Structure formats: C-alpha cells, structure tokens
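# Commentary on secondary and tertiary structure
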Amino acid sequence: MSNQTQTAVPAHGIGPFLQDTRVRWVVGLALLALLIVAPSIFGPYGTVILTNALLYVVLCLGLNIVVGYAGLLDLGYAAFFAVGAYTIGILTVQFGFNFWVAFPFAILAAMLAGVIIGGPTLRLRSDYLAIVTLGFGEIVRFSARNLEITGRATGLSGIQDPWLFGWHINIGIEYYYVFAVLAALAVVASFRLANSRLGRAWLYVRHDEDAAEAMGINRVQVKLAAYVIGAIFGAVGGAFFATNLGAISPESFSFEQSVLVLMAVILGGMGKIPGVILGAFIIILGPELLRNLGEFRLLVFAVGLLLIMLFRPSGIWPGRRT
Amino acid sequence: MTAFDVVMQQVVNGLVLGSFYALVALGYTMIFGVIKLLNFAHGDLYMVGGFVGFLVLSAISGIVGAGWTGVAIAMFFSMIAVGCLGVVIERVAYHPMLRAPRLSILITALAVSLVLQNTVLSLTHGQYTAFRSDFGFGGVNLGNLFITYNQMILVGIAAFLMIGLELFVSRTQYGRAMRAVAIDKDMCQLMGINVSGIIAVTFLIGSALAAAAGTMAGAYYGSIWYFMGFLIGLKAFTAAVIGGIGSIPGAMLGGLILGLLESFGTLLPGVGSAWKDVFSFAILILVLVFKPTGLLGKSEQERM
C-alpha cells in the first residue's frame, strides 16, 4: 500500500460518533461510568454475561475490520479465536509457560493463521471466499478435536490465570474489568485504523477493487492486512477467554460461533463501531433476557433477528453509506 | 476381500453419499443462480423434510405399510409440504430483502435457519426420532461387493430427480425463464417474464429436492434429529461450490466428487474417519485455489 493521495475521504460510518458535539462526550462518559459500575448493579450473574458481551465486542470489532472495513466475507472467524485460545492453552498446560510469555505466541500464531488463510485465497470472489473461510474454520475445529496436543474432544483444562503486577486475575469481576479494558482498546484501535491510511485503502478496495488497484493500492497486501489485524483481535479475545474459563474444548469454536459474531456485526451495522458494539450486546444479551422462555428462547430470538433485518436491512445503526 | 473389492465398496458408499449431497446441493445452486443468495436455511429444509416424511409415514404406515410404497408416499407429501414452506420463506423473509445489501440477506437466511432448527428443537425436545421403515438390510452380492436394495433405490430416486430437474430446466418454458432470470432479472421483467413467479418456482423445486433427500436419509440412516441439516448443509454448499455454484450439472458433479472423496479419504493412511471432514474441506480449498470459480463455474464479477 503506498502513494495514494491524502484527500479527506470521510471514514465509513464512524464520523458522527465522538465528533464535535458535547452531547456525544456526555453520552460517552455516561456509558463509561455505567461500564465501571455495572458489576455492582447487575450482580455476579449479570457480570458474567456482561463479561461475555465485552468479549464479543472485541471479537465483533475484529471481524468488523475484515467484513466491514475491507469487505471480505469471513464465515470462519472462530478459527482465529480458537488459535488464540489453543495457543495459550497448549503453551500453559502442556509446556508450563507463564500466560504473559505465551500471549505473544498466541498473537503470532493468529497472524500466521491470517496469512495462511489469506495468502492463497484473496484472489477469490466473495461467495467463494466465504466458503473457503468456512472450510478453514471447520479444519481448525476438526484438527483441535483430533489432535493429541489439543486434548482431542475433551479439550484442555487447568489453564492458569494470569498475574498482572502482583495482581492475580482470577475472579469474575476482575475478568470483567480485563475485558472492559480490552474492549476499550479494541474500540480505540478500530477508530485509529479506520482513519489511517490503511483504513482508507480498505474503503477504496471495498468500493472498487480495480480502481483502487489503478490508484496504486496493492489490494492483496491491503486485504491480507485486514485478515491479519482481524486475526489479532480474535486471538486476544481467545487468549483471555481461555484463561477466564480455565478450560476450552473444540465446540467453543464452532461454525455457530463464527455465525453469531458475523450476525452481531451485520445486525448492528457493518463498518460502524457503535453499531457493531450494539450488535454484540444484542446477540449476547438477547437470548439471556429471554431465558425464562425456556426452549422457545432461541426461537423467539431468531424471529426477532429476522424482523430486525426485514425492517432495518442495513443494520440497526448503519453507517451513512452502505 | 482384495484391495479392489475394498475400493469398489467405497465407490458404492461414495455414490450413495454423493447422491444425497448432490440432491441438496442442487437446491443451493438453483437458488443461488436465480437470486444470488446463499440460502443457509437449505440444510434445515432437508431436516424439516425428514420430519414431515416421518410424520406422513407414521400416519399411513397402518394402511400401506412402511415399505417402498409408504416411503414413496411420505417422500411425495414431504416434497410438496416443504416445497410450499420454501416458497413461504422466500415470500416472507427473502423477497423484501432483494434490494438490500447482500450481507443482510445472508443474515436473514441464517436467521431463518435458526428459526427452523429451534422450531423443531422445541417440538422434539432435541431427541433423536427413530425413523422406522421396513427396508431391512437385504441386498445383492456382486462378487465380493455387497449393495443393499436401499442403496440401489436411493441412488435411483436421486438420479431420477436430478435428470428430471435437468430436463425441466433445459427443455421447458419455465426452465428457460429460470435461466433467463439467472442472467438478468431486470431485463426479464422488461420482457414480460413474471420474475417473482419464477423465483417462487425455483424455491418450490429446490426445497422439494431437499425434502426428498431428507426423507431418503431418514429411511436410510434410521433416525432423524433437529440438527441433522447443519453438516449436510455445509457439505452440500461445499459440493455446489466445488462444482461451480449456479451450475446444475456442477452441483451433481460436485456432490458425487465430494461423496467419493469422503469415502476414499477414510481409506488413505493418516486420514481415517476422524479426519475425513478435514480432508473434504482441504480438497475444497485446493479446488478453489486452482480453479476459483469451481469446476464447471463461469467466471463472474464481484457483487458485494
């Protein structure tokens, strides 16, 4: 990616948020305050669910880079999540590494996975790309289920909690704040990326690949960057997911998981950060709020999802241009 | 058994598996051809087809028995019911979305899939349902090769349906309209073709084929459950893409290739049955890397 002009092209859909008006700042600060006090309002059970929602915020913002920014349909995002979680699991359980020593390896492994899946497939068009990413996701899951080192179908257990400056992160509320920090970092990174030179290159490639190429954007490099950066978000989420639960199994990284993350991104509004965050919360909180419906819970949730898509086809909080 | 017999037995198994895949893949391909939608609910229509077939068979087995007649009647009604269900789904969920962004309609399809799965889950409480038919395990020996009557008839029915579809698409007025709509919807509208009617017919046929495969699978494997559409949906999608999505002969070829590859995959050293799914997805990726539009697919432009 190189010499494209620095003309002020508004970043897709993220302009209005955090821009000018003080109202936005007040709303933002109120949300931040709510995020900090939430565990004491919602109790231990609520905190667990909110932790899960924040994990989803990280995952969804990662997938948003691939799907929303670069326009690449990825149906196997759970694979990157799995690579992060299993790298931590294998290194800490099988080799006795410390979490923080294993953590960079998790990121490296995910970047490598991003290049492996991205490299040979990026010249494929959307539907074919979708099926290849799906196949890749399934390969990762089936491999995890069949390999000795990943603990086969039972997975790995006894993954140690990390220590941070003498602070042992082990109880639910501590993980809540860890994920809150991760989600905040993911939001900041997403904003920075969208407004960067790379972010504009994604925008051009998404709108017109050939024109972007003609303008001197190396589309393969740009798309690969989207995969690799998206993979890092997924792996970071996966790494902390693994230590939070202390155990992982192949079924946590199924096609359904990829679909849920993708649904959250599109439901909220592709490419738009507040929309994606909203989508992540709806996907996690929706079924929880319907819990007393018992077996009909997911059915009602799915019907609700259908209605939202019918009435808001570009997502609940779409970007200005779709 | 000699190595040759083992290979031939796997050919038979692969053909049976492949004809299931091909029947389901046909629906994927037809619907993709006409409205460019990856209908993720298609595998679930296969599952619903299995359950409708089961209900019809339970209702009529007292009268005609659970043999060939019973299963054929069950399959017929299942095809009609699920065909209509497919049309209803298209009208309610996909039709309003035809001008929406492509990914939104994809999510709608995933939501429909969840609705179908969870409806059946609520009704059956997630239990496996025994699908009893009087097929038994009779068959014929060809040398050391054993082929059940089941397998022969199932492959026969699948071949019959596939040939019927191919004739329908290539010879009839509707088929011609369908091919025209696949090329350019707006132009067809201008030429006076009832585009929305053609889309409905496509969904009717695609869903009916899935239902036929679902009923056949119920009778063949002897049990059905709410999640059985998921993996076959993935495999059929894979088959359709290997063949070149949007191409009817491609779907048949892709289904057969995938079925054969899977049954041979289990024979290869180091692959085995535990790795057979990895094997088929790896083949898929290889095919697409070297032939990005599938084996019989035409090259096409990005429409994201």
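Remember, predicted model here, so these are calculated numbers, not experimental data.

Rules and cut-offs
Residues numbered from 1 in each chain as written. Chains lettered and ligands numbered in written order. Predicted model: local features only at pLDDT ≥ 70, side-chain atom pairs only at ≥ 80, totals over all residues. Heavy atoms only, no water. Helix = DSSP H or I, 4+ residues; strand = E, 2+ residues; numbered from the N terminus. Rg over C-alpha atoms; globule rule 2.2 N^0.38 Å. Contact = heavy atoms within 4.5 Å. Areas by Shrake-Rupley, 256 points an atom, 1.4 Å probe, with all protein chains shown as cover. Expected span 1.5 Å × (residues − 1). Buried < 20%, exposed > 50% of the residue type's maximum accessible area, 1.4 Å probe, protein only. Polar contact = N/O pair within 3.5 Å; in protein donor to acceptor, adjacent residues only side chain to side chain. pLDDT = per-residue confidence, 0-100. Buried area = accessible area lost by both parts, 1.4 Å probe. Pairing = 2+ DSSP bridges. Axes fitted to C-alpha atoms, helices over the stretch in contact; angles between N-to-C directions. Left-handed = near helix turned anticlockwise from the far one by under 90°. Nonpolar A, V, L, I, M, F, W, Y, C, P; charged D, E, K, R; others polar. Phe/Tyr/Trp six-rings, centres within 6.5 Å; stacked < 30°, edge-to-face > 60°. Core = buried A, V, L, I, M, F, W, Y, C linked by side-chain atoms within 4.5 Å.

## Comments concerning the overall build of chain A
Each helix and strand in chain A was counted, giving 11 helices and 4 strands. In terms of C-alpha radius of gyration, chain A reaches 19 Å, essentially the compact-globule figure of 20 Å for 322 residues. For the C-alpha atoms alone, the extent of chain A along its principal axes is close to 50 × 45 × 45 Å. Taking the intrachain contacts of chain A between residues at least 6 apart in sequence as the baseline, contacts between residues at least 24 apart amount to 77%. A total of about 13300 Å² of accessible surface is found on chain A, and carbon and sulfur atoms cover 69% of it.

## Section: helix α3 (residues 99-121) of chain A
Residue and element names in this part refer to chain A. With 23 residues, α3 ought to run about 33 Å at 1.5 Å a step, and its terminal C-alpha atoms sit 33 Å apart, in line with that. Every buried residue of α3 is accounted for by Phe99, Ala102, Phe103, Ala106, Ile107, Ala110, Ala113, Gly114, Ile117, Gly118 and Thr121. Its side-chain oxygen placed 2.7 Å from the backbone nitrogen of Trp100, Asn98 serves as the N-cap of α3.

## Comments concerning the confidence of the model for chain A
Residue and element names in this part refer to chain A. Overall, the prediction assigns chain A a mean pLDDT of 84, with 91% of residues at 70 or greater. Summarising per-element confidence for chain A, the mean pLDDT is lowest in strand β3 (residues 167-168) (72) and highest in helix α2 (residues 78-94) (93). Predicted confidence is poor over residues 1-15, with pLDDT under 50, and the contacts of this stretch with residues over four places away or in other chains come to 46 contacts.

## Topic: the interface of chain B and chain A
Residue-level contacts link 49 residues of chain B with 42 residues of chain A. When chain B packs against chain A, the two sides together hide about 4200 Å² of surface, and 76% of this comes from carbon and sulfur. On the surface where chain B and chain A come into contact, there are 1 residue pair in polar contact (both at pLDDT 80 or more). Elements supplying a minimum of two residues to the side of chain B that touches chain A: α3 (68-94), α4 (102-124), α9 (228-243) and α11 (276-290) of chain B. The leading source of residues in the side of chain B that touches chain A is α4(B), at 14 residues.

## Some words on the pairing of strand β2 (residues 139-142) of chain B
Residues and elements named next belong to chain B. Strand direction decides the pairing type here: β2 and strand β3 (residues 145-148), joined by 4 bridges, are antiparallel. For Leu142, the partnering residue across the bridge sits in β3 and is Leu145. In textbook terms, the turn of a hairpin is the stretch between consecutive antiparallel strands, and for β2 and β3 this stretch comprises 2 residues, one of which, Gly143, has a positive phi near 65°.

## Some remarks on the environment of Leu278(A)
As for its placement among the helices and strands, Leu278(A) is situated in helix α10 (residues 273-289). It is 8.0 Å that separates the C-alpha atoms of Leu278(A) and Ala264(A), two residues lying 14 residues apart in sequence.

## Focus on the packing of helix α9 (residues 255-268) of chain A against helix α11 (residues 297-311) of chain A
Residue and element names in this part refer to chain A. The geometry of α9 relative to α11 is characterised by a closest axis approach of 10 Å and an angle of 40° between their N-to-C directions. Two packed elements cross with a definite hand, and for α9 against α11 that hand is left-handed. Contact residues: Met263, Ile266 and Leu267 in α9; Leu305, Ile308 and Met309 in α11. Residue classes in the contact of α9 with α11 are distributed as 6 nonpolar, no polar and no charged.

## Quick notes on α2(A)
Residues and elements named next belong to chain A. The end-to-end C-alpha distance of α2, which contains 17 residues, comes to 22 Å, matching closely the 24 Å that a straight helix rising 1.5 Å per residue would cover. Of all 17 residues that make up α2, 15 are buried, and the element is covered over most of its length. Among the residues trailing α2, Gly96 stands out with phi positive, at a value near 65°.

## Some points on the packing of aromatic side chains
Aromatic ring pairs are described here by two measures, namely the spacing of the ring centres and the angle between the planes. Evaluated as defined, the whole model comprises 31 aromatic pairs over all chains. With 6.3 Å between their ring centres and 45° between their planes, Phe255(A) and Phe40(B) make a pair best called tilted. You can see Phe255(A) sitting in helix α9 and its partner Phe40(B) sitting in the loop between α1 (3-35) and α2 (42-64), one on each of two chains. The pair formed by Phe255(A) and Phe40(B) is uniform in burial state, with each residue classed as buried. Their ring planes at 85° and their centres at 5.4 Å tell us that Trp225(B) and Tyr226(B) sit as a pair that is edge-to-face.

## Description of unusual backbone geometry
What is expected of a backbone is that most residues other than glycine have negative phi and most peptide bonds are trans. Located in the positive-phi region is Arg152(A), a residue other than glycine, with phi close to 45°. As for its placement among the helices and strands, Arg152(A) is situated in the loop between α4 (126-146) and β1 (156-157). We classify Arg152(A) as partly exposed; its relative accessible area is 39%. At His125(B), a position not held by glycine, the phi torsion is positive, near 55°. When its relative accessible area of 49% is taken as the criterion, His125(B) is described as partly exposed.

## Overview of the nonpolar core
Trp202(A), Phe40(B) and Tyr94(B) are the most contacted members of the largest nonpolar core, which has 212 residues in total. In terms of residues, this core owes the most to one element, helix α1 (residues 22-69) of chain A, which gives 17 residues.

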